[in-house]
Amino acid sequence: MKKYVVAVAGATGAVGQEIIRVLEKQKFPIERLVALASENSAGKTIEYRGEEIKVKTLTHEVFAQEGVQIALFSAGGSISAEFAPSAVKAGAVVIDNTSYFRMDKDIPLVVPEVNPQDIKLWKNRGIIANPNCSTIQMVIALKPLHDLYNLERIDVATYQAVSGAGAKAMEELMDQMKAIFSFDFDRIEPKKFPHKIALNAIAHIDSFTDSGFTKEELKIVNESQKILHSKIEIAATCVRVPVLRGHSEAIAARFSKEISAKEAAKALKAALNVKVIDNPSKNEYPTPLLANEKDDVFVGRIREDLYDKRILHLWVVADNLRVGAATNAVRIAQKWIEEN
C-alpha cells in the first residue's frame, strides 16, 4: 500500500492529539508524520508509534518543505483560513476540522457513512470540511432511516460535553468540582461559560442570533441539510452539561412513512459504525461514559411516538473528540485514499 506524508496542524491541541491517536489505532498508511502547531508549542514532542516526534512551527512554507500530501487541520478557524490554502498550493489535500469552510458551496462537507460520494468534490478547492461534532453523530444515526422512510423533520436537543469547548473548558469543570468538594464553590467564577458548569446545565452554546437560535444550533440545521442534500426541517436546542467527553442527543424524527421501532432498530443494527444498545428492562442504553474513546455512534431508547406513527424517538451518544472530530477526519482521509 502506498504511504503518505501526513501533517496534523494543531497537533498539541485536544483534537489534534486525538487525531494522532486515531491515525495510530487505524494503522493509517503514513510514511512520515509532521506535527505542526504555533511557535509557542514548537520544539515540544508528541508520541506516535512509540517514537517521539518534535513539533514544528506552522508556517506557509512547511507543507512544501516537508512534502505533505494530506493535511489534517484542527487549530481553529482563523488558522485554517490563513494556512489551508498554502497546504493546497503545496499539493496536499486539506481535511479541515473547523467551521470556516463548512458552508462554502464548492467545498464538500463529509461524513463518510452518509455522503462519501461528495469526497470527489475535493478537487474544487483541495479542501474537505469536517462537520460539527453534534451534526456528525446525528446524521450517522438518521441516514439509514432516511434511506428507508424519507426524513421530513428533525427536532433535536443536545447534551454536549465540556470538551467540545476545548481543554480549558475541561479544566474549568474539574476546578469547579474540586471547589464543590472543598466547600469553596462560591468563589469560583466562570470563564469559558456564561454560568458555572458544575452541577448545572446551560442552554447556550455559541452566540445567539436574531432568530433566537444560537450559532451552534444553526450549524446543526445548515450542515445536516448540506450533508443529506435535502431541505429537511430541523430545529435544535443545544445544552452544555457537566460531562467531560461524549455528546448525547434526544431526537424526534418525522418521516413521510409510518415507521416501527422494531424495523428502525433492525436498520440501525445493520448500519456502518452504529451500535444499538436498547434494553430498558435491564437499564441498558447509551451513556457518555460507555462511548468514551470509542469510534461508534451508540443508539438506544428507540420508540414510536404516542400520537403520530411517522415519528420516531431516539437517544444518540458518541465521543465528540473521536466520532465528532478526529475519527471522522481520519475516515475522510481513508476514503480519499481509496478514491485517489
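Up top is the structure.
1. Digging into the sheet that holds strand S9 (residues 151–160)
Turning to step 1, where the next piece is worked out: Strand order in the open sheet formed by six strands is S10-S9-S11-S14-S13-S12, with mixed pairing between adjacent strands. Among the strands making up the open sheet, the edge pair consists of strand S10 (233–240) and strand S12 (274–276). Each adjacent strand pair in this sheet contributes to an overall mean axis angle of 20 degrees, direction not counted.

2. Here we look at the pairing of strand S6 (residues 70–73)
Turning to step 1, where the next piece is worked out: Of the two faces of S6, the one holding Ile70 and Leu72 and the one holding Ala71 and Phe73 are both buried throughout.
Turning to step 2, where the next piece is worked out: The pairing of strand S1 (residues 4–9) with S6 spans four bridges and is parallel. If you follow Val8 over to S6, its bridge partner there is Leu72.
Turning to step 3, where the next piece is worked out: Bridging between S6 and strand S7 (residues 93–96) involves four bridges; their strand directions are parallel.

3. Describing the environment of Leu142
Turning to step 1, where the next piece is worked out: With respect to the element layout, Leu142 can be found in helix H4 (residues 133–149).
Turning to step 2, where the next piece is worked out: The class of Leu142 is buried, set by a relative accessible area of 2%.
Turning to step 3, where the next piece is worked out: Through-space distance from the C-alpha of Leu142 to that of Val68 is 35 Å; in sequence the pair is 74 residues apart.
Turning to step 4, where the next piece is worked out: If sequence neighbours within four positions are ignored, Leu142 has contacts with Leu151, Ile154, Ile251, Ala253 and Leu314.

4. Here's the deal with helix H1 (residues 14–25)
Turning to step 1, where the next piece is worked out: Helix length check: H1 (twelve residues) gives 17 Å between terminal C-alpha atoms against 16 Å at 1.5 Å per residue, within 8%.
Turning to step 2, where the next piece is worked out: Buried within H1 we find Val15, Gly16, Glu18, Ile19, Ile20, Val22 and Leu23.
Turning to step 3, where the next piece is worked out: In this fold, the buried residues of H1 make contact with S1, strand S2 (30–37), strand S3 (45–48), S6 and helix H9 (322–339).
Turning to step 4, where the next piece is worked out: Backbone geometry just after H1 places Lys27 at a positive phi near 50 degrees.

5. Focus on helix H3 (residues 77–89)
Turning to step 1, where the next piece is worked out: Between its first and last C-alpha atoms H3 spans 19 Å; for 13 residues at 1.5 Å apiece the expected length is 18 Å, and the two agree.
Turning to step 2, where the next piece is worked out: Of all the positions in H3, only Ser80, Phe83, Ala84, Ser86 and Ala87 are classed as buried.
Turning to step 3, where the next piece is worked out: Residues of H3 that are buried in the fold lie against helix H2 (62–66), S6, S7 and strand S8 (127–129).
Turning to step 4, where the next piece is worked out: At the exit of H3 stands Gly91, carrying a positive phi of roughly 105 degrees.

Cut-off values and rules
- Residues numbered from 1 in each chain as written.
- Predicted model: local features only at pLDDT ≥ 70, side-chain atom pairs only at ≥ 80, totals over all residues.
- Heavy atoms only, no water.
- Pairing = 2+ DSSP bridges.
- Helix = DSSP H or I, 4+ residues; strand = E, 2+ residues; numbered from the N terminus.
- Axes fitted to C-alpha atoms, helices over the stretch in contact; angles between N-to-C directions.
- Buried < 20%, exposed > 50% of the residue type's maximum accessible area, 1.4 Å probe, protein only.
- Contact = heavy atoms within 4.5 Å.
- Expected span 1.5 Å × (residues − 1).

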